[in-house]
Amino acid sequence: QVQLVESGGGLVQAGGSLRLSCAAAGRSPNYYSMGWFRQAPGEKREFVAAISWSGGSTYYATSVKGRFTISRDNDKNTAFLQMNSLKPEDTAVYYCAADYLGPIMTMKEDGMDYWGKGTLVTVSS
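Residues numbered from 1 in each chain as written. Predicted model: local features only at pLDDT ≥ 70, side-chain atom pairs only at ≥ 80, totals over all residues. Heavy atoms only, no water.

Caption draft 1: Main features of the sheet that holds strand S3 (residues 18-24). Reading across from one edge, S1-S3-S8-S7 is the order of the 4 strands in this open sheet, with antiparallel pairing throughout. In this open sheet, the two strands that pair with only one neighbour each are strand S1 (4-7) and strand S7 (68-73). Averaged over all neighbouring strand pairs, the angle between strand axes comes to 15°, with direction disregarded. Relative to S3, S1 runs antiparallel, the two sharing 4 bridges. In the strand pairing of S3, Leu-4 is matched with Ala-24. (Pairing = 2+ DSSP bridges. Helix = DSSP H or I, 4+ residues; strand = E, 2+ residues; numbered from the N terminus. Axes fitted to C-alpha atoms, helices over the stretch in contact; angles between N-to-C directions.)

And the structure:
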């Protein structure tokens, strides 16, 4: 019942910034914890960041903490991932996902209820 569509990916130089958006259909995602995951070519999908349904709590993978910021606007049914100080190793397809009232500090891909199709982020140099 929930459709997630990522956007904002593209090509950026190392040290640059990108802002990813995840638009959700309807108001159902309002009570879902939201997460961002990424998958580099030939690698398994890994957790990046999570935000509680109210937006009051966030959690980050150690590899992105201090550089990435997750946020959400429930009025617009949209989640965001602001990515600063990008590194070549950040290159991946980025996916957003939703988990109904899910905990964020133990968020895993196997526990997510809905997934977007992903948006590609490529960091050069």
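Caption draft 2: Spatial organisation of the state of the cysteines. Enumeration according to the criterion identifies 1 disulfide in this entry. Between the sulfur atoms of Cys-22 and its disulfide mate Cys-96 the distance is 2.0 Å. The disulfide joining Cys-22 to Cys-96 has a torsion of about 60° about its S-S bond and is therefore right-handed. Placement of Cys-22 in strand S3 and of Cys-96 in strand S9 (residues 92-100) is noted, with a sequence separation of 74 residues between them. For the pair Cys-22 and Cys-96, a shared accessibility class is recorded, and that class is buried. (Disulfide = S-S within 2.5 Å. Buried < 20%, exposed > 50% of the residue type's maximum accessible area, 1.4 Å probe, protein only.)

Caption draft 3: Summary view of the pattern of salt bridges. As enumerated under the stated definition, the model contains 4 salt bridges in all. The closest approach of N and O atoms between Arg-38 and Asp-90, which form a salt bridge, is 2.9 Å. In this pair, Arg-38 sits in strand S4 (residues 32-39) while Asp-90 sits in the loop between strand S8 (78-83) and S9, placing the two residues 52 residues apart along the sequence. For Arg-38, a relative accessible area of 6% translates into the label buried. A residue is classified by how much of its surface remains accessible, and Asp-90, at 0% relative accessible area, is buried. For Arg-67, the salt bridge goes to Asp-90, with nearest N and O atoms at 2.8 Å. (Salt bridge = Lys/Arg side-chain N within 4 Å of Asp/Glu carboxyl O.)

Caption draft 4: Broad picture of the environment of Tyr-31. One can find Tyr-31 in the loop between S3 and S4. The class for Tyr-31 is partly exposed, based on a relative accessible area of 46%. For the pair Tyr-31 and Tyr-100, spaced 69 residues apart in the sequence, the C-alpha separation amounts to 6.1 Å. Once residues within four sequence positions are removed from consideration, Tyr-31 is found in contact with Trp-53, Tyr-100 and Leu-101. (Contact = heavy atoms within 4.5 Å.)

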